[in-house]
Amino acid sequence: MAEHQHTLLCRHWTQFPGDAENKAQRYAPPRQVDVLDLALDVTPDFKNRRVSGTATITFQTMLKPVETLRLDAYDLEIKKITSGPKIASWENTDRALLIRFEKPIPALRKGKISITYEAEPVKGLYFRTPELGYKKTDMHIWTQGETIEARHWFPCFDAPNEFFTSSITCHVPKGMTVLSNGRRAGEKIDPQTGLKAVTWMQEKPHVNYLISLVAGYFKKITEKHGDLSMSFWTPPSEFAEAANSFRETKQCMEFMEKEIGVPYPWAKYDQVCVQDFNWGGMENTSLSTLNASTLFSLETENLRSSQGLVAHELAHQWFGDLVTCKDWSHIWLNEGFATYYTHLFAGHKDGRDHMLYGLYRDMKSITGRSNDVVPMVNRKYDRPSDMFRKYGYMSYSKGSWILHMIRSTLGPDLFRKAVKTYLTRHRHGNVVTENLRTALEEVSGRTFDRMFDQYVYHAHHPELKISYSWDSKAKLAKLSVKQEQKVEGDVMLFELALPIRFKAGDRTIDRTIPLSKASEDFYFPLPAAPESVRIDPDLTVLAKTDFSPPIAMLHAQLADPKDVVGRLLAVEALGKRNDKTSVEKLKEALVKDTFYGVRLAASKALRGIDSEHAFEALVSSPRQKDARVRRQVLSDLGSFYKPAALAALKKSLQGEKNPAIRGSAIRSLAGFGDPGAAGLIRKALASSSYRHQLADAAVSALRTQDDPAEIENLLGVIRKDAGKFTSRGHGSALRGLAYLARNEDDKSAVRRFLIERCGHPNPRVKQAALDALGELGDPKAIATLEKFARGRDGSPERSKAENAIEKLRAGRKPVDDFKNLRQEVNELKKSNESLGKELDDLKKRMEAAYPEKPGKGKKKSD
Ligand SMILES: [Zn+2]
């Protein structure tokens, strides 16, 4: 899966029923039978948000006779079960379906069970219908299996350690499109119902969580890659921008096939954009689901792109789909590969610097974390979704880095051969980490025990503190290296080969130092004092490195056009100084560097220096052509609290056409408390733009301003323009409103408005309103929230309501309000006696707000 852009690519929060409290080790569940095929025949009821259907499971018993078969089934209403081997009885526990056969089915015998059922799923299958506030002409459903949601809409063996073929027949009104895994196998109209029945068959085995059904109104663009059909579908109202997100698909497919060395394994490749998806994307076999928020208009220039998402989900068609991790503890074999091949595609398409930049940023995000003490192959997670959220940085970025270290060691050709062996050997089957290690070792003749033990089965990474000195008499360079990671628990001392590069004149001298101790010194005879010393110059070792070369070396590094990582490091190091020369060097980098990432870093570094010189450097940097840098400079200028910064922001707003950059400037304006700025923010709030992005920016600016005088205006805008906001934007506006009103004495108008929004048809808006009531801090909302807290077990509304109630009960009033009152009382106490009356008044206010017994002195809620 992919998280939302700028957050994570691919997964969302799922409950693991029954074991949230159980912290035992996690393993793949046992299989009672070998599932051979699953055939679903389903009819979605769009109006009532229900589904009815029949699931037919063909299986073969294994070496043990089977008396009772257990299937995952979450709140399914089971109507009828028919079976090849006769059944004695069945029981529906609301979490599982237990089917008892008349006689135990002997070993190695085939059987078939058909289960007719209905469901009103809270997860797994999602409706996007007019009743929920979506456009009628865009009406559709989508499903999500990973990690364990499929059980909410059909009975199944819901774990990744089972491969089977599958088919779906879905009955929909005539004008609708049905999409699913594999090959389209037919379509017919039922004369009785008038519904269209479309059948899709996935004839190659895959796992349960990759089963997908998307049905509704869609439009498509189609392209071919040889004989392979590739389509890109969007709801009709989003179709105008479809081509922008589809455009890299063909090149990406060509690249993946060549780079991976195994042909694309499925019958077709479709991508479908759906409304309010829970993740950025999901790699169902031959049909990736994408969040419609990936769509963008060209006016945002290069600030938005679907390239990363498209590449990530496409890479999964091999890594995750053709071979699937046996259980969630090995999820890095799915997500790490998808992340790494996305970097490789960026390197292929946009140039090597882009790949290095991706790896560099991942490295910073991995090594910048605190409390990173859990091994990557981790069996102690509470629920499967933890492996995507809590430990997502490992599954995605660190997993990708492991592969990068291996590829750097083997070289691209040998790495490709090993990956091909790994995929071919395990195709349509499960993989665990050892399968990858074995393939690597067989093909290369090397051993990878140490690398896997250190980086995969143990936690963390080396933290290197390195110092350098030059002995001019002996012509010896000295490097002292300390491993500073805390060696305890699952974190060990690392043994690795660290590449070093010295540059002297036009000579480049590469050395490798073998690290194994907590502290070691290394000496290098060189012909002359080096102009630069680079640690891990090609970025091939995952480590946190603390190395501050002398300033002249930083300047040399910054001037090296072939060393993008060196330039990034130099910019960051210069950003920690505030002398004039450093500022000038940074300014030069901001204006002239050939790689946008270095220019971005230079802008950030100047912001960090926060001096008059740094400000001038930013303000005088000519208008940047690259929108990514232009936005960064503007945002960094906004962090200087001075009239000239405000003036620069206002000026740039005048000439700026890009709505995303305008939004960024609007956000920056908020910090200035300038009456003119307030006007611009109000104007943006009332404006129209693609996906209402400018108004979204204005909402976030209002939060920063935190001026209760804006409550009424915001409330009016949400009422008037609700239809223009995306679900997410609408939700942010509600939370923003609650935030602005949180310290008001009279919150009744906002409370009433939010309570009204709790009845909003759109589930995202409703959930945001429940959240907002928690944020507002008005205990009078508890009665309403309690109604939602009695909702269906496992429903998002219920958990939002419970959280909000908890917040309100814990605070009665928000913490900062309490602090403010306290402070006021203390200040008044210190001051003149003549203020006694006011003090009295304040005390009364406090007592009223915080009665000694909960509930005492509380007004009846309205
Ligand atoms: Zn993914």
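Residues numbered from 1 in each chain as written. Predicted model: local features only at pLDDT ≥ 70, side-chain atom pairs only at ≥ 80, totals over all residues. Heavy atoms only, no water.

Participant: An account of the overall build of the protein chain is needed here, citing residue identities and associated values.
Facilitator: In terms of regular secondary structure, the protein chain is built from 27 helices and 28 strands. Against the 2.2 N^0.38 benchmark of 29 Å for 862 residues, the protein chain shows a C-alpha radius of gyration of 30 Å, consistent with a compact globule. Structurally, the protein chain occupies a C-alpha span of about 90 × 85 × 50 Å along its principal axes. Looking at the protein chain as a whole, 55% of its 862 residues qualify as buried. (Helix = DSSP H or I, 4+ residues; strand = E, 2+ residues; numbered from the N terminus. Rg over C-alpha atoms; globule rule 2.2 N^0.38 Å. Buried < 20%, exposed > 50% of the residue type's maximum accessible area, 1.4 Å probe, protein only.)

Participant: Can you tell me about the nonpolar core, naming the residues and giving the values?
Facilitator: With 241 residues, the main nonpolar core has Met-256, Trp-318, Trp-332, Tyr-341, Tyr-455, Leu-479 and Leu-498 as its most contacted residues. When near neighbours in sequence (up to four residues on either side) are disregarded, Leu-498 contacts Leu-464, Ile-466, Arg-511, Thr-512, Ile-513, Leu-515, Ile-535, Asp-536 and Val-541. Judged by nonpolar contacts, the second largest core, of nine residues, contains Phe-232, Ala-242, Ala-292 and Leu-295. (Core = buried A, V, L, I, M, F, W, Y, C linked by side-chain atoms within 4.5 Å. Contact = heavy atoms within 4.5 Å.)

Participant: Describe the sheet that holds strand β27 (residues 532–535), with residues and values.
Facilitator: The three strands are arranged β25-β24-β27 in an open sheet whose pairing can be described as antiparallel. Whereas interior strands pair on both sides, the edge strands pair on one side only; in this sheet they are β25 (507–515) and β27. Direction aside, neighbouring strands of the sheet carry axes that sit 20 degrees apart on average. As defined by bridge partners, strand β24 (residues 496–504) adjoins β25 across nine bridges and the pair is classed as antiparallel. In the sheet register, Lys-503 faces β25, and the bridge partner there is Thr-508. (Pairing = 2+ DSSP bridges. Axes fitted to C-alpha atoms, helices over the stretch in contact; angles between N-to-C directions.)

Participant: Describe the environment of Pro-121, naming the residues involved and giving the relevant values.
Facilitator: Within the secondary structure, Pro-121 is located in the loop between β7 (110–119) and β8 (125–128). For Pro-121, a relative accessible area of 15% translates into the label buried. In this structure Pro-121 touches Arg-49, Val-51, His-152 and Trp-153, once residues within four positions along its chain are discounted.

Participant: Before we move on, could you go through unusual backbone geometry and cite the residues and values that matter?
Facilitator: In this model, Glu-146 is joined to Thr-147 through a cis peptide bond whose omega is 0 degrees. With respect to the element layout, Thr-147 can be found in the loop between β9 (140–143) and β10 (164–172). Non-glycine residue His-460 carries a positive phi angle of around 70 degrees. Phi at Asp-610 is positive, roughly 60 degrees, even though this residue is not glycine. Relative to the helices and strands, Asp-610 is located in the loop between α13 (596–609) and α14 (612–619). According to the relative accessible area criterion, Asp-610 is exposed, its value standing at 52%.

Participant: An account of the side chain of Thr-129 is requested, with residue identities and associated values reported.
Facilitator: Relative to the assigned elements, Thr-129 resides in the loop between β8 and β9. For Thr-129, a relative accessible area of 0% gives the class buried. Residues within four places of Thr-129 in sequence aside, it is in contact with Phe-46, Arg-49, Tyr-134 and Met-139.

Participant: Can you tell me about helix α9 (residues 449–457), naming the residues and giving the values?
Facilitator: All buried positions along α9 are accounted for by Met-451, Phe-452, Gln-454, Tyr-455 and Val-456. Its buried side turned inward, α9 meets α4 (332–350), α6 (392–410), α8 (433–444) and β24.

Participant: Quick rundown of the sheet that holds strand β17 (residues 269–274)? Include the residues and the values.
Facilitator: Strand order across the open sheet formed by five strands is β15-β16-β17-β19-β18, with mixed pairing between neighbours. Single-partner strands in this sheet number two, and they are β15 (219–225) and β18 (281–282). Judged from the seven bridges that link them, β15 and strand β16 (residues 228–234) form a sheet pairing that is antiparallel. Bridging from a neighbouring strand, Lys-220 pairs with Trp-233 of β16. On the sheet, helix α2 (residues 249–260) packs against β15, β16 and β17 and is oriented at approximately 40 degrees with respect to β15.

Participant: Account for the pairing of strand β22 (residues 463–471), naming residues and giving values.
Facilitator: The sheet contact formed by β22 and strand β28 (residues 544–547) spans four bridges and is parallel. Along β28, the bridge assignment pairs Lys-465 with Asp-546. Examined bridge by bridge, β22 and strand β23 (residues 476–483) share eight bridges and lie antiparallel to one another. Considered in β23, the bridge of Ile-466 is made with Val-481. Hairpin remark: β22 followed by β23, antiparallel, with four residues in the connecting loop; positive phi at Lys-475, about 50 degrees.

Participant: Tell me about the pattern of salt bridges, and please be specific about residues and values.
Facilitator: According to the stated counting rule, one finds 53 salt bridges in the structure shown. In this structure, Asp-626 and Arg-628 form a salt bridge, with 2.9 Å as the shortest nitrogen-oxygen distance. Asp-626 gets classed as buried once you look at its relative accessible area, which sits at 13%. A salt bridge links Arg-751 to Asp-778; its shortest N-O distance comes to 2.6 Å. With Arg-751 in helix α22 (residues 748–757) and Asp-778 in the loop between α23 (763–776) and α24 (782–789), this residue pair connects regions lying 27 residues apart in the sequence. Accessibility expressed as a relative area gives 1% for Arg-751, which makes it buried. A relative accessible area of 8% places Asp-778 in the buried class. Here the salt bridges do not stand alone but share partners, grouping Arg-50, Glu-77, Glu-118 and Glu-120 into one network. (Salt bridge = Lys/Arg side-chain N within 4 Å of Asp/Glu carboxyl O.)

Participant: Outline the environment of Leu-97, listing residues and values.
Facilitator: On the secondary structure map, Leu-97 appears in strand β6 (residues 96–105). For the pair formed by Leu-97 and Asp-41, sequence separation is 56 residues and the distance between their alpha carbons is 19 Å. Leave out the neighbours within four places in its chain, and Leu-97 touches Leu-69, Arg-70, Leu-71, Ala-73, Ile-78, Ile-81, Trp-90, Glu-91, Asn-92 and Ile-115.

Participant: Can you tell me about the packing of aromatic side chains, naming the residues and giving the values?
Facilitator: As enumerated under the stated definition, the model contains 25 aromatic pairs in all. For the ring pair Phe-46 and Phe-127, a centre distance of 6.2 Å and an interplane angle of 90 degrees mean the geometry is edge-to-face. Taken together, the residues Phe-46 in the loop between β1 (33–45) and β2 (50–61) and Phe-127 in strand β8 connect sequence positions 81 residues apart. The exposure classification of Phe-46 matches that of Phe-127, with both residues buried. Ring centres 5.1 Å apart and planes at 55 degrees place the aromatic pair Phe-502 and Phe-524 in the tilted group. In this pair, Phe-502 sits in strand β24 while Phe-524 sits in strand β26 (residues 519–525), placing the two residues 22 residues apart along the sequence. Members of the aromatic cluster, joined through ring pairs, are Phe-319, Phe-337, Tyr-340, Tyr-341, Phe-415 and Tyr-422. Lys-642 extends its terminal NZ or CZ atom over the ring of Phe-615, reaching a point 4.5 Å from the ring centre. The ring of Tyr-739 carries Arg-742 above its face, with NZ or CZ at 3.9 Å from the centroid. (Phe/Tyr/Trp six-rings, centres within 6.5 Å; stacked < 30°, edge-to-face > 60°. Lys NZ or Arg CZ within 6 Å of the ring centre and 35° of its normal.)

Participant: An account of the packing of α2 against α4 is requested, with residue identities and associated values reported.
Facilitator: Remark: α2 packs on α4, axes separated minimally by 10 Å, with the N-to-C direction vectors making an angle of 110 degrees. Judged by the inter-axis angle, α2 sits roughly perpendicular to α4. Between α2 and α4 lies a crossing of right-handed hand. Residues Gln-251, Cys-252, Phe-255, Met-256, Glu-259 and Ile-260 of α2 pack against Tyr-341, Leu-344, Phe-345, His-348 and Lys-349 of α4. Each residue belonging to the contact of α2 with α4 can be placed in one class, and the counts come to seven nonpolar, two polar and two charged. (Parallel < 35°, antiparallel > 145°, perpendicular 65-115°, else oblique. Left-handed = near helix turned anticlockwise from the far one by under 90°. Nonpolar A, V, L, I, M, F, W, Y, C, P; charged D, E, K, R; others polar.)

Participant: Could you give an account of the state of the cysteines, with specific residues and numbers?
Facilitator: Counted according to the given criterion, the structure contains zero disulfides. Between Cys-156, a free cysteine, and Cys-325, which holds the nearest cysteine sulfur, the sulfur-to-sulfur gap is 16 Å. The exposure class assigned to Cys-156 is buried, which follows from its relative accessible area of 1%. (Disulfide = S-S within 2.5 Å.)

Participant: Describe in detail helix α19 (residues 693–705), supporting the description with residues and values.
Facilitator: For α19, spanning 13 residues, the distance from its first C-alpha to its last is 18 Å, which sits close to the expected 18 Å at 1.5 Å a residue. Of the positions making up α19, those classed as buried are Gln-693, Leu-694, Ala-695, Ala-697, Ala-698, Val-699, Ala-701, Leu-702 and Gln-705. Close packing links the buried residues of α19 with α17 (659–669), α18 (675–686), α20 (711–721) and α21 (727–741). Taken from the residues just after α19, Asp-706 is the one with a positive phi, measuring 55 degrees. (Expected span 1.5 Å × (residues − 1).)

The values are spatial; any link to function lies outside them.
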